[in-house]
Amino acid sequence: MSEPADRGAPAGRRSTRRGGPRKGGSPRSRGRIDTPRRVAYQTLRQVTGDDAYANLVLPGNLAEAGLSGRDAAFVTELVNGTARHLGTYDAIIAEAAGRPVDGLDPELLDVLRLATHQGLAMRVPDHATVAASVELARSMIGEKVTGLTNAVTRKLTRRSEQEWLDRLCAGLDELDTLALRTAHPRWIVDAYAELLPADELPAALAANNLPPRTWLAVRPGLAEVAELIEAGGEPSGISEYAVAWPGDPAEAPGLRQGLVGVQDPGSQLVAATLAAAPAPAGRWLDLCAGPGGKTALLTGLAREHGDDLVAAEVAPHRAELVRQAVRAYQPPPEVVVADGTQPPWSAGSFARVLADVPCTGLGALRRRPESRWRRIPQDLAALVPLQTALLHSALDLVEPGGLVGYVTCSPHRAETAGVVDAVLAARGDIEPVPAVVRSAPDAVDEHGRVQLWPHRHGTDAMFLALLRRTR
């Protein structure tokens, strides 16, 4: 499945790792700082020092600390907001400190990043931001850094975020200014600018900074959208299987049993579009299945067609996640640990193949706030050959007349149209198939490929191209 892989530290730098989150100080000194800020700090240290993803480690940290309600919401906003704006906050901190952030101790830098988000974005009173940041530094790092923490935090809070940005953007060109103001690396801004009209670019980048809604997907044949709507959910205009859930998804009817799952409507739409397009009867294959959301949806849709589905995943632990995602189907579909570039099946074994390939994940920046600062343009040099190899493999595995759906959770041209065009040029046995997306016709371009956008469709920026093998 399309998913970003960790590639290092924020702001395009490699991590200066010093053993992960430092507990620091005596139990007595640690007790002086309030628990929510301590948890936020320790989570951010995992993100910046250990390359963890905030959305994966934060729930466990909150539970371990016994935080819920307003305290949990405060920590979630503090961590996610700070992680999302790391590059911009580093520029502000460097200006306030009068030195590059690379010269600051990584633990102290994380204290200052949290202070910046509290003081500039969360409307925490200036005196509270300064006092809490000094105590956090003292408790988690030591007395020696409290003077610098006090001085820099006081300077940070003397200006508003807008005033800091106005100061930093003076003399920058239009796209550098947009990158700083929307908290994106310049290379991502350039990639978006290549794809979108100039007047849409600010809205597209701004949409990446808005927390996404929680969306559920019903498993076809196991649950009904109407059941979730009756329980308080809202239907989607994009996917007929999607329901927006207002609270904790674990409380949604059927989730614990595997009858429904958490999944973005865009992810649902590309899988359902492949399932709805004309193709011969026969087995379906999910070639890069982990963690299994699309596999579960396709399993139900394949069985509605009278077909079976096989799922392949190269990583054993992710293959287990796929098994968990499809456990409610009886019998469950076959899940195989296999490398999609060297599959264990002979050519022409399947009628439909989904190739949801590993990618930069630039289409899901709302969900993984720190990932924009980890990815660098050079990552594409490793990903594009892998994506190309997986698409060739998928096309070899499908029978003549069969259909392949090439999917990424990224809008970047190099890993979307670039891969598809290169494969089309290299082979004489395939043809493009225009996608039909009645719920979002504006997402289909002149080549019949699908590109969803958060600011247009309220989904992740999923890409889909359908290809048919002709002989």
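Each value, and the rule that gives it
Residues numbered from 1 in each chain as written. Predicted model: local features only at pLDDT ≥ 70, side-chain atom pairs only at ≥ 80, totals over all residues. Heavy atoms only, no water. 1 Å grid on protein atoms, 1.4 Å probe; cavity = no way out; pocket = protein on both sides within 12 Å on 5 of 7 lines; lining within 4 Å. Points joined across faces, edges and corners; volume = space filled by probe spheres on them. Helix = DSSP H or I, 4+ residues; strand = E, 2+ residues; numbered from the N terminus. Nonpolar A, V, L, I, M, F, W, Y, C, P; charged D, E, K, R; others polar. Buried < 20%, exposed > 50% of the residue type's maximum accessible area, 1.4 Å probe, protein only. Contact = heavy atoms within 4.5 Å. Core = buried A, V, L, I, M, F, W, Y, C linked by side-chain atoms within 4.5 Å. Axes fitted to C-alpha atoms, helices over the stretch in contact; angles between N-to-C directions. Parallel < 35°, antiparallel > 145°, perpendicular 65-115°, else oblique. Left-handed = near helix turned anticlockwise from the far one by under 90°. pLDDT = per-residue confidence, 0-100. Expected span 1.5 Å × (residues − 1). Polar contact = N/O pair within 3.5 Å; in protein donor to acceptor, adjacent residues only side chain to side chain. Pairing = 2+ DSSP bridges. Right-handed = clockwise from strand over helix to strand, strands pointing away.

Peer 1: Honestly, empty space enclosed by the protein in this entry has me stumped. Any pointers?
Peer 2: Over the atoms rolls a probe the size of a water molecule, and its path tells where empty space is left. Applying the stated criterion across every chain, the model contains 1 cavity of 30 Å³ or more. Of the volumes computed, that of the largest cavity is approximately 30 Å³. Lining the largest cavity we find P432, V433, H447, G448, R449, A465, L466 and L467. Within the residue set of the lining of the largest cavity, elements represented by two or more residues are β10 (430-433) and β12 (463-469). If one sorts the elements of the lining of the largest cavity by residue count, β12 sits on top with 3 residues. When the residues that make up the lining of the largest cavity are grouped by side-chain class, the tally is 5 nonpolar, 2 polar and 1 charged.

Peer 1: Before we go on, may I ask you to explain the side chain of N209 in this structure?
Peer 2: One can find N209 in the loop between α12 (201-207) and β1 (215-218). Take N209: its relative accessible area is 17%, and that puts it in the buried class. Not counting residues up to four positions away in its chain, the partners in contact with N209 are R84, T182, H184 and R372.

Peer 1: Help me out: how do you make sense of the nonpolar core in this one?
Peer 2: Note on soluble globular proteins: their nonpolar side chains tend to be buried together. Within the largest apolar cluster, 48 residues are counted, with the highest numbers of intra-cluster contacts made by L228 and L466. Listed by contribution, the elements that provide at least two residues to this core are β1, α13 (225-230), α14 (265-276), α15 (293-304), β6 (309-313), α16 (316-325), β9 (398-408) and β12. It is α14 that provides the largest number of residues to this core, a total of 6 residues. Apart from the residues lying within four places of it in its own chain, the contact partners of L466 are T273, L274, A277, L403, V404, G405, E431, P432, V433 and A435. I33, V47, A96 and V145 belong to the second-largest nonpolar core, a separate cluster that totals 41 residues.

Peer 1: Whenever I open this one, the environment of T459 confuses me. Can you help?
Peer 2: Along the chain, T459 falls in the loop between α20 (454-457) and β12. Sequence spacing of T459 and N150 is 309 residues, and the spatial spacing of their C-alpha atoms is 41 Å.

Peer 1: Quick question: what am I supposed to make of the layout of surface pockets here?
Peer 2: Of the voids in this model, the largest pocket is the one considered here, and its volume is about 2000 Å³. What lines the largest pocket is a set of 50 residues, and nearest its centre among them are N55, L56, V262, Q263 and R367. Taken together, the elements giving at least two residues each to the lining of the largest pocket come down to α3 (54-65), α4 (69-84), β4 (260-262), α15 and α16. Among the elements that line the lining of the largest pocket, the one with the most residues is α3, at 6 residues.

Peer 1: Please explain the packing of helix α6 (residues 106-121) against helix α8 (residues 146-156) as it appears in this structure.
Peer 2: The angle between the axes and the distance between the axes are what describe a pair of packed helices. At a minimum axis separation of 10 Å, α6 and α8 run at an interaxial angle of 30°. By the criterion of interaxial angle, the relationship of α6 to α8 is roughly parallel. Once α6 is placed against α8, the crossing between them reads as right-handed. Within the contact between the two elements, α6 uses L108, V111, L112, A115, T116 and L120 and α8 uses L148, T149, V152, T153 and L156. Across the contact of α6 with α8, the residue classes tally to 8 nonpolar, 3 polar and no charged.

Peer 1: What is the right way to look at the confidence of the model for the chain in this model?
Peer 2: Low pLDDT marks regions whose predicted coordinates should not be analysed in detail. Of all residues in the chain, 93% have pLDDT values of 70 or greater, and the mean over the chain is 93. In the model, residues 2-31 has pLDDT below 50 throughout and makes 83 contacts with residues more than four positions away in sequence or in other chains.

Peer 1: Help me understand helix α2 (residues 35-50), please; the structure alone is not making it clear to me.
Peer 2: Note on helix geometry: an α-helix contains 3.6 residues per turn, so any two residues three or four positions apart are oriented the same way. A rise of 1.5 Å per residue sets the reference length of α2, with its 16 residues, at 22 Å; its end C-alpha atoms lie 21 Å apart and thus fit the reference within 8%. Two or three places before R37, at the start of α2, stands the capping residue D34, its side-chain oxygen 3.1 Å from that residue's backbone nitrogen. One or two residues past the end of α2 sits D51, with phi positive at roughly 60°.

Peer 1: When you look at the pairing of strand β7 (residues 334-337) in this model, what are you seeing that I'm missing?
Peer 2: For a regular strand, side-chain orientation follows a simple rule: the groups alternate between the two sheet faces. Of the strand pairs in this sheet, β6 and β7 are connected by 4 bridges, and their pairing is parallel. Within β7, the position partnered with A312 by the bridge is V336. Each parallel crossover has a hand, and for β6 linked through α16 to β7 it is right-handed.

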